[in-house]
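Architecture and fold: a report
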Amino acid sequence: MLEAEAARALIADRALYRKIANVHAPDSWFLKRGLTPRMARSILPGLALTAARRRGKLLMIDTASSSADGPVLAMHLGMSGRILVDGEAAGDPLLYAANGDNPKWRRFGLKFADGGTLYVRDPRRLGAVELDPDEDRLGPDAATVKLGYVRGILERSHAPVKAVLMDQSRIAGLGNLLTDEVLFRVGVDPARVAATLTDDEVRAIARAISVTVRTLGTRGGSHTGDHMVARFPGAYCPRDGAPMLRRTVGGRTTYSCSAHQR
DNA sequence: GATGACCTGTGA
DNA sequence: TCACAGGTCATC
């Protein structure tokens, strides 16, 4: 989600009000929910980008012709995707992904009438492009969730707290690393059953979500390694020196401190 | 709600 | 050669 925000800012900064001349869509598998390369090539040229929005990890770019609004161009970066505008990427290098520039990793792109480009570079092909996405499949964005809402979803779930926080239909934007970071900061074990959290813990979590998203968000992305959670086998907690635990929680590799996360 | 598939580059 | 990383989706 932090990468998505960096990408959104890059697009807002550099790609708005530029008219699409051509569409590069060499990978039909990368287009989702019925969109085909042929459709993209017939619909998008002639439109200009008018706004760059984001909900969780989903990037949404509004388009318009001179006379009417066009479709919303939605892009998902998966875990290894990046946006490049005129060949330049936003944010820092990714932690778990290739950062080279093999042309075959360009899964989708727009060529602007002024000669510039916007590309999605995604080595692992887990990203996606679609038109007019259903935004409501996502919960409220993590940057704006309120205490009452967080309390509501936590107290009525018997899943591990980490699984609840990572569920995009409940809160949009918290991925594996960011969720570990939030729980590390508040000292809560990711495997705790959500409904058993105390009100103090729920408050701390709600607060940590917005603080963490904001403080890490100003530094480019959650894959940059700019974290307190030490994510490698045999690591020790940077806060108290206790051994870090490596487990699977909510279906994902999870690191937590054996001492201060309870 | 939990699990495995999807996909592919990386490093051992 | 193989385990592993991640977000999302279909399936149990």
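Since the structure is predicted, the reported quantities are computational estimates derived from the model, not experimental observations. (Residues numbered from 1 in each chain as written. Chains lettered and ligands numbered in written order. Predicted model: local features only at pLDDT ≥ 70, side-chain atom pairs only at ≥ 80, totals over all residues. Heavy atoms only, no water.)

**Thoughts on the packing of helix H5 (residues 176-186) against helix H6 (residues 199-217)**
Between two packed helices, the angle of one axis relative to the other and the distance separating the axes together describe the packing. Heads up, the condition is: Each axis is a line fitted through C-alpha atoms, taken for helices only over the stretch in contact, and angles between the N-to-C directions span 0 to 180 degrees. Strands are runs of DSSP state E lasting at least 2 residues, helices are runs of H or I lasting at least 4, and numbering of each runs from the N terminus. When describing relative orientation, an angle under 35 degrees is termed roughly parallel and one over 145 degrees roughly antiparallel, while 65 to 115 degrees is termed roughly perpendicular and anything else oblique. The hand of a helix crossing depends on one turn: near helix anticlockwise from the far one by less than a right angle means left-handed, and clockwise means right-handed. Contact definition: two residues touch when any of their heavy atoms are within 4.5 Å.
Across the interface, H5 lies against H6 with an axial gap of 9 Å and an inter-helix angle of 125°. Regarding the angle of H5 to H6, the classification is oblique. Every pair of crossing elements has a handedness; the one defined by H5 and H6 is right-handed. Along the contact surface, H5 presents Leu178, Glu181, Val182, Leu183, Arg185 and Val186, while H6 presents Ala204, Ile205, Ala208, Ile209, Val211, Thr212, Thr215 and Leu216.

**Observations concerning the pairing of strand S5 (residues 82-85)**
The criterion, for reference: Using a 1.4 Å probe on the protein chains alone, a residue whose accessible area is under 20% of its type maximum counts as buried, one over 50% counts as exposed, and one in between counts as partly exposed. A pair of strands is treated as paired once DSSP finds two or more bridges between them.
Taking every second residue as pointing to the same face, both faces of S5 are buried, with Arg82 and Leu84 on one and Ile83 and Val85 on the other. From the end of S5 to the start of strand S6 (residues 88-89), which pair antiparallel, there are 2 residues, and aspartate 86 there has a positive phi angle of about 50°.

**Concerning the side chain of glutamate 3**
Applied cut-off: Between N or O atoms, a polar contact is any pair within 3.5 Å; within protein, one atom must be a potential hydrogen donor and the other a potential acceptor, and residues adjacent in sequence are included only when both atoms are from side chains.
Relative to the helices and strands, glutamate 3 is located in helix H1 (residues 2-14). Only 3.4 Å separates the side chain of glutamate 3 from the backbone nitrogen of methionine 1, close enough to count as a polar contact.

**Quick notes on the nonpolar core**
Spelled out, the test is: Only buried residues count toward a nonpolar core, which is a set of Ala, Val, Leu, Ile, Met, Phe, Trp, Tyr and Cys residues joined through side-chain atoms within 4.5 Å.
Ranked by size, the top nonpolar core spans 32 residues in total, and within it Leu44, Ile83, Phe108 and Leu118 carry the most contacts. At 4 residues, H1 tops the list of elements feeding residues into this core. Ranked by size, the runner-up nonpolar core spans 25 residues in total, among them Leu174, Leu178, Leu183 and Ala208.

**So, unusual backbone geometry**
With phi around 55°, arginine 33 is a residue other than glycine that occupies positive phi space. Checked against the element boundaries, arginine 33 lands in the loop between strand S1 (20-24) and helix H2 (37-43). The exposure class assigned to arginine 33 is exposed, which follows from its relative accessible area of 61%. One non-glycine residue with positive phi stands out, namely arginine 125, at about 60°. Along the chain, the position of arginine 125 falls in the loop between strand S8 (117-121) and strand S9 (128-131).

**Some thoughts on the domain arrangement of chain A**
To be explicit about the condition: Domain extents, as shown, originate in an automatic or database domain assignment.
Considered domain by domain, chain A is made up of domain 1 (2-136) and domain 2 (139-257). Once you take the C-alpha centre of each, domain 1 and domain 2 turn out to be 28 Å apart.

**So, the protein's contact with DNA strand C**
Here is the rule: If a single non-hydrogen atom of a residue is within 4 Å of a molecule or strand, that residue counts as near it. Residues are grouped as follows: Ala, Val, Leu, Ile, Met, Phe, Trp, Tyr, Cys and Pro are nonpolar; Asp, Glu, Lys and Arg are charged; all remaining types, including Gly, are polar.
In the neighbourhood of DNA strand C, 16 residues make up the surrounding shell, with Arg33, His76, Met79, Arg246 and Arg252 lying closest. Of everything in DNA strand C that lies within 4 Å of the protein, sugar and phosphate atoms constitute 58%. Lysine 57 is positioned with one of its side-chain polar atoms (N or O) 3.3 Å from a phosphate oxygen of DNA strand C. Between a phosphate oxygen of DNA strand C and a side-chain N or O atom of histidine 76, the distance comes to 2.3 Å. Secondary-structure elements contributing two or more residues to the surface near DNA strand C are H5 and strand S11 (252-257). Partitioning the surface near DNA strand C into residue classes produces 4 nonpolar, 6 polar and 6 charged.

**Digging into the sheet that holds strand S3 (residues 58-64)**
Sheet architecture is open: 4 strands sit in the order S2-S3-S4-S9, paired in antiparallel fashion. Strand pairing shows two members of the sheet lacking a second neighbour, strand S2 (48-55) and S9, which therefore form its edges. For this sheet, the mean angle separating the axes of adjacent strands, direction not counted, is 20°. Pairing geometry for strand S4 (residues 73-76) and S9, over 4 bridges, is antiparallel. Bridge pairing links histidine 76 to alanine 128 in S9. Contacting S2 and S3, H1 crosses the sheet at an angle of about 160° to S2.

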